[in-house]
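Geometric and topological summary
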Amino acid sequence: MDEGGSRIRRRVSVRKRTRPSLGSIFAAPTAAELKPGDEKEEQEEKEMGAGRRRRKTVGVQPVESYDSEEDMFDDYDSFAENSFLAQLDDLEQKYMPLPERREHATDVATEDLCSDGVKHKLSVTTLDNFTELKTDEHTKNQSEYEDVSTESGADLLCDVPSSQVLYFENLQNSSNDLGDQSTKERDWNSSSHKTVNEELPRSSIEQPQQIDESSSTVKTSSDVNRKKSLKDHLKSTMTGNAKAQTPIFSRTKQLKETLLSEEINVAKKTIESLSDDLGPFYSLPSKVRDLYVQFKGIEKLYEWQHTCLTLNSVQERKNLIYSLPTSGGKTLVAEILMLQELLCRRKDVLMILPYVAIVQEKISGLSSFGVELGFFVEEYAGSKGRFPPIKRREKKSLYIATIEKGHSLVNSLIETGRIGSLGLVVVDELHMIGEGSRGAILEMTLAKILYTSKTTQIIGMSATLSNVEDLQEFLQAEYYTSQFRPVELKEYLKINDAIYEVDSKAENGMTFSRVLGYKYSDTLKKIDPDHLVALVTEVIPNYSCLVFCPTKKNCENVAEMICKILSKDYLKHREKEKQEVIQNLKNLSGGSLCPVLKRTIPFGVAYHHSGLTSEERKLLEEAYSTGVLCLFTCTSTLAAGVNLPARRVILRAPYVAKEFLKRNQYKQMIGRAGRAGIDSTGESILILQEKDKQKVLELISRPLENCYSHLVQEFTKGIQTLFLSLIGLKIATNLDDIYHFMSGTFFGVQQKILLKEKSLWDITVDSLRYLTEKGLLQKDTILTEKGLLQKDTICKSEEEFQYSFQITKLGRASFKGTVDLAYCDVLYRDLKKGLEGLVLESLLHLIYLTTPYDMASQCDPDWMIYFRQFSQLSPAEQNVAALVGVSENFLGKKASGQAIKKKVDKGVVNRLYLSFVLFTLLKETNIWSVSEKFNMPRGYVQNLLTAAASFSSCVLHFCEELEEFWVYRVLLVELTKKLTYCVKAELIPLMEVTGVLEARAKQLYSAGYKSLMHLANANPEVLIRTIDHLSRRQAKQIVSSAKMLLHEKAEALREEVEELLRLPSDFPGIVASSTEKA
């Protein structure tokens, strides 16, 4: 050590503090760790004067606790002159290119770095082990400024927290006009920044290194001011950083994120320029292509998919309808277009799917993409969904919704003026626009988007479209179609024991193929007259088979019949795995098992229909997909639901219930035949009797059925709901505007076909009059005399004048709650009556008020069960029945079969019965026991629960618009949550994750995964080992969904904080100044 003082040492006093994350990490070095040289240095420093600067040392010092904001920097003194900021001052000297700085640059560098080299050693005790961190020995060249500045700068930056590095980078880059010196500094900066990033991951905590230096530079007044300003800035920034965890940068991760960001920017420019060069993967980063290989095993697109994605209409963002056979790969095209919108155009996307199960399946599949690519995937199904959705400034959202929730979402975006943020709407199964009330809701949704947003693109897809011209005119869309199927499909008909191949070129549409060779005894012929066993045994157990049956009961009977005839050899095929399936089904239901499934699953056979719970269906579908089960007997709903392809599809009869099969239904069912990548061909066999032969030949040869608007046919759920929302959202508030809107709907396009007696104008006027009479709308004052539109068709009545309509409070509540207008006045009366004597001793009264009206109308109570359940109620709960108008005397007479003289509202009686079912279910939380108690199919009980949760959410929104129902707002929030999950409170956080149902939530909770954070940070491989019967695919989907949900919640909180801290736009000072400027 140089005693002469040629090297001036600086000592920064170190104060240790107890902090939760770091307090236990640093410990004093032991005697063994302190080297003799270090002891000598300490002795010499004691002998030095108090005014001299000393070398920084880490020794044994008492631990103190400091709450001051000024003193939070673990191994640095506070903002003292001789502290860490002194180094920053010197670093600033390097970056601030003042004239004075340049004149003294060489002298300062030489004076500060005159010694040959310095080596510091610092021992750090971590929680797990001791890590010795050493700084590199720097060789200083006093004669060459470049070398000196490089080494000194590198050392200085090593002392700067990682969060400050970017600040100095930006500071340097702003000095581009300084010639060669500036260029050298930029080169140095990039290399030293790289060094910092590479060093950081080596240890989670690194102590800054100090270098010896001199502060002999003469400072001008401007220099001092500049330094003060920088110091103030750093004080503020470092205080903020100290409160948060300092991020540990991974160089590899940072490079990947940078590369992804650059590729997205390139793709964005490509899309904006409409270039023919589509970038790495259809204008998307190459990472998207890699993710499709990783998550879905898709390495190459089909030729039609490439053609469709490169269409001019797609490149120009025109609306598009495309149609292909089932299993043709339609969804992949839609996903790529959605990713382009989310990543490159930075807009939100809405995907509308027909069923809750498909929404959840899609959420699970796309959450992993969202986590990797930085967008949110949000579920809008059942009672889930936030209205309006959270407004995000950076990451964009992919909303995946059912038809009903998609409509509510679009309404909320229009109301808040955010419909322009929706860049793309994708509709799967577009043909459903012609199916009842759900079709009417879908039509309303699309019509509103077309009318209110000219920048939102609409993509519709379907396997069964016929009158495409009408849909094209409605959506103002281009059309693309192809007959491509990845696997060839062969259609057959079976009459008696002969099989015919469908052949459009043949005279009668079919040609003889073969005769079934399976030998049947007389007894077997009576049991299986349609030779089903012969047909399925040609395929199973090595390949899969679906048998579509007309009814749910027929599904169960056919499954049992097949198993009675099958050889015992089928029991040996994957026997252990089938026993696991049975055990899993028992675990789901608390030990109960359907007797039919108990007999059929050992043979690899199961039935599949809505009588199963969603948990049972999901488990059976998983077993079928993996080949453990090889045969499903199912209803037609499976064809429109989740994707479960098979080598052979058999249609048990050309009927769905008692209705003869439609061409659309037939095409959807046979479309499940043939599994891409597994089978070379797919086969469909329709079994028919001689009496149905002619009808079937017409069925296989005729075109698909046209789809027609149900907007007017579904009166209360269609046109009336539409008009109420148009006026409520102020899209159209007078007769002319509403009529103009109606002309642009799918119904408006088809009005010449659909309207025979009344005109569109007459229907518009009648509907508005009805809504006004019902108290949902009110007329404003007369605006202008009518005399232009439809002058010849209107008499001199009130319609001669142009009225503006306003929505009433009841109308707004009905519109916001998406309540069926047939029931809105009944709901209002029930809620009003409930306030007079609301019974809160139990949940029964609230449950009654949220039991869906439409399900009550379809209910047929078992009176003995009804009376028994009533008798078990407490006096307060029996009082609820009396309040709504159902007496014990009435139920007793019905149960005993006596005549009832007094008239009782059947709707109220049925609704109370369903309330008993829901009330019992919330108490017991076991669908099996409740279904046995009320003699109802367990699937029906679960559907009732789902419908009640959804309607409870609707009633909550209804009450939020009416001040008089303020008490219900508080009560219904908790009830909606209980109905949604119907489990113990501790399982609810786990069941928020898509794909986690009650049984799985119990498994996870027992294994220690008790919160969303636990699941989001779980390792899928560990989950597989910990949780019984969990596949790798399911584990990955659960973790991805949990991460996505956690990110959403965190982002929502961040947005809320920023909103709270943001200066209001109507702040008095701002308003005043803007007024003065004006």
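The model shown is predicted, which means the values in this text are computed figures rather than measured ones.

What counts and what doesn't
Residues numbered from 1 in each chain as written. Predicted model: local features only at pLDDT ≥ 70, side-chain atom pairs only at ≥ 80, totals over all residues. Heavy atoms only, no water. Helix = DSSP H or I, 4+ residues; strand = E, 2+ residues; numbered from the N terminus. Buried < 20%, exposed > 50% of the residue type's maximum accessible area, 1.4 Å probe, protein only. Contact = heavy atoms within 4.5 Å. Areas by Shrake-Rupley, 256 points an atom, 1.4 Å probe, with all protein chains shown as cover. Lys, Arg positive; Asp, Glu negative; His and termini not counted. Salt bridge = Lys/Arg side-chain N within 4 Å of Asp/Glu carboxyl O. Phe/Tyr/Trp six-rings, centres within 6.5 Å; stacked < 30°, edge-to-face > 60°. Lys NZ or Arg CZ within 6 Å of the ring centre and 35° of its normal. Pairing = 2+ DSSP bridges. Axes fitted to C-alpha atoms, helices over the stretch in contact; angles between N-to-C directions. Patch = residues over 30% accessible without salt bridge, like charges linked within 9 Å, V, L, I, M, F, W, Y side chains within 5 Å. Parallel < 35°, antiparallel > 145°, perpendicular 65-115°, else oblique. Left-handed = near helix turned anticlockwise from the far one by under 90°. Nonpolar A, V, L, I, M, F, W, Y, C, P; charged D, E, K, R; others polar. pLDDT = per-residue confidence, 0-100.

**Quick look at the overall build of the protein**
- From N to C terminus, the protein includes 47 helices and 21 strands.
- A total of 1078 residues make up the protein; the buried ones form 51% of that total.
- Put simply, 73% of the contacts in the protein that link residues at least 6 apart link residues at least 24 apart.
- Accessible area of the protein: about 51300 Å², with a carbon and sulfur share of 50%.

**Brief notes about the side chain of Glu877**
- Note that Glu877 resides in helix α36 (residues 875-884).
- Buried and without a salt bridge, Glu877 has Lys923 as its closest oppositely charged side chain, separated by 5.3 Å.
- Residues within four places of Glu877 in sequence aside, it is in contact with Ser842, Leu844 and Phe919.

**Here's the deal with the packing of aromatic side chains**
- Going through the model one piece at a time under the given rule, you end up with 25 aromatic pairs.
- Through pairs of rings, three or more aromatic residues link up here, namely Trp863, Tyr866, Phe890, Tyr913, Phe916 and Phe934.
- The side chain of Lys695 reaches across the aromatic face of Phe660, ending 5.2 Å from its centre.
- Over the ring of Tyr853 we find Arg911, and its NZ or CZ is 3.9 Å from the ring centre.

**Re the pattern of salt bridges**
- Enumeration over the complete set of coordinates arrives at 34 salt bridges.
- Residues Arg1033 and Glu622 are paired through a salt bridge, measuring 2.7 Å at the closest nitrogen-oxygen approach. On the criterion of sequence distance, the pair formed by Arg1033 in helix α46 (residues 1032-1061) and Glu622 in helix α22 (residues 614-625) is long-range, its members being 411 residues apart.
- Residue Arg1033 is classed as partly exposed on the basis of its relative accessible area of 45%.
- The class of Glu622 is buried, set by a relative accessible area of 17%.
- Arg1062 serves as the salt-bridge partner of Glu1058, at 3.9 Å between the closest nitrogen and oxygen.
- Residue class for Glu1058 comes out partly exposed when judged on its relative accessible area of 30%.

**Notes on the environment of Cys634**
- Structurally, the position occupied by Cys634 is in strand β15 (residues 631-634).
- Spatially, the C-alpha atom of Cys634 lies 8.6 Å from that of Pro550, the residues being 84 residues apart in sequence.
- In this structure, Cys634 is in contact with Leu546, Val547, Phe548, Cys549, Cys555 and His608, ignoring residues within four places of it in sequence.

**Describing the sheet that holds strand β3 (residues 319-323)**
- Sheet architecture is open: 7 strands sit in the order β5-β6-β4-β7-β8-β3-β9, paired in parallel fashion. Because the sheet does not close on itself, it has two edges, and the strands there are β5 (376-380) and β9 (477-481). Direction aside, the axes of adjacent strands within the sheet are offset by 15° on average.
- Across the sheet, helix α13 (residues 356-373) is in contact with β4 (348-352), β5 and β6 (397-401); its angle to β5 comes to roughly 170°.

**Some points on the side chain of Ser814**
- Along the chain, the position of Ser814 falls in helix α31 (residues 809-816).
- For Ser814, a relative accessible area of 2% puts it in the buried group.
- When neighbours within four sequence positions are excluded, Ser814 is seen to be in contact with Leu724, Leu776, Val819, Leu821, Cys824 and Phe958.

**Description of the pairing of β6**
- β6 sits mainly inside the fold: 5 of its 5 residues count as buried.
- Residues Ser397, Tyr399 and Ala401 line one face of β6 and the alternating positions Leu398 and Ile400 line the opposite face, and both faces are buried.
- Examined bridge by bridge, β4 and β6 share 4 bridges and lie parallel to one another. Across the sheet, Val349 pairs through a bridge with Leu398, a residue of β6.

**A short note on the sheet that holds strand β14 (residues 605-608)**
- In spatial order, the strands read β12-β11-β10-β19-β16-β13-β15-β14; together these 8 strands make up an open sheet with mixed pairing. Two strands close off the open sheet at either side, each with one partner strand: β12 (510-515) and β14. Here the average twist between neighbouring strands, direction ignored, is 25°.

**Looking at unusual backbone geometry**
- The amide bond that connects Phe387 to the next residue, Pro388, takes the cis arrangement and shows omega of -10°.
- Looking along the chain, the bond that leaves Ile540 and enters Pro541 is cis, with omega of 5°.
- Turning to its location among the elements, Pro541 is positioned in the loop between α18 (532-537) and β13 (545-548).
- Backbone geometry at His531 places phi at a positive 60°, although glycine is not the residue there.
- Structurally, the position occupied by His531 is in the loop between α17 (522-527) and α18.
- One non-glycine residue, Asn935, adopts positive backbone phi at about 55°.
- Position of Asn935 among the secondary structure elements: in the loop between α39 (927-933) and α40 (938-960).

**What about a nonpolar patch on the surface?**
- Judged by side-chain polarity, Val1057, Leu1060 and Leu1061 come together as a nonpolar surface patch covering roughly 360 Å² of accessible area.
- Note on placement: Leu1060 falls in helix α46.
- According to the relative accessible area criterion, Leu1060 is exposed, its value standing at 68%.

**Let's talk about the packing of helix α20 (residues 575-588) against α22**
- Put simply, α20 and α22 touch, their axes get as near as 10 Å, and they point 165° apart. Classified by the angle between their axes, α20 and α22 sit roughly antiparallel to one another. Read as a crossing pair, α20 and α22 show a hand that is right-handed. Contacts between α20 and α22 involve Val581, Asn584, Leu585 and Leu588 on the former and, on the latter, Glu615, Glu616, Leu619, Leu620 and Ala623.
- Class assignment of the residues belonging to the contact of α20 with α22 gives a composition of 6 nonpolar, 1 polar and 2 charged.

**Here's the deal with helix α26 (residues 719-728)**
- Burial of α26 is extensive: 10 of the 10 residues sit out of reach of the surface.
- Of the positions making up α26, those classed as buried are Ile719, Gln720, Thr721, Leu722, Phe723, Leu724, Ser725, Leu726, Ile727 and Gly728.
- Where α26 ends, the next residue or the one after it, Lys730, has phi of about 60°, a positive value.

**What about helix α9 (residues 286-296)?**
- Turning to α9, its buried residues number three or more, namely Ser286, Val288, Leu291 and Tyr292.
- One or two positions beyond α9, positive phi appears at Gly297, with a value near 70°.

**Observations concerning the packing of helix α27 (residues 735-743) against helix α30 (residues 760-773)**
- The N-to-C vectors of α27 and α30 enclose an angle of 125°; their axes lie 10 Å apart at closest approach. Judged by the inter-axis angle, α27 sits oblique to α30. With respect to the hand of their crossing, α27 and α30 are arranged in right-handed fashion. Here Leu735, Asp736, Ile738, Tyr739, Met742 and Ser743 of α27 lie close against α30, whose contacting residues are Leu760, Trp761, Thr764, Val765 and Leu768.

**What to know about the environment of Ala477**
- With respect to the element layout, Ala477 can be found in strand β9.
- For the pair Ala477 and Asn319, spaced 158 residues apart in sequence, the C-alpha to C-alpha distance is 4.4 Å.

**Quick look at the confidence of the model for the protein**
- With 71% of its residues at a pLDDT of 70 or more, the protein has an overall mean of 78.
- Across residues 1-83, confidence stays below pLDDT 50; counting only partners more than four residues off in sequence or on other chains, it has 142 contacts.
- Confidence over residues 245-249 falls short of pLDDT 50; this stretch has 10 contacts with residues more than four positions distant or in other chains.

**As for the environment of Lys809**
- Within the secondary structure, Lys809 sits in helix α31.
- With relative accessibility at 66%, the residue Lys809 sits in the exposed group.
- Expressed as a C-alpha distance, the spacing of Lys809 and Leu777, which sit 32 residues apart in the sequence, is 8.9 Å.

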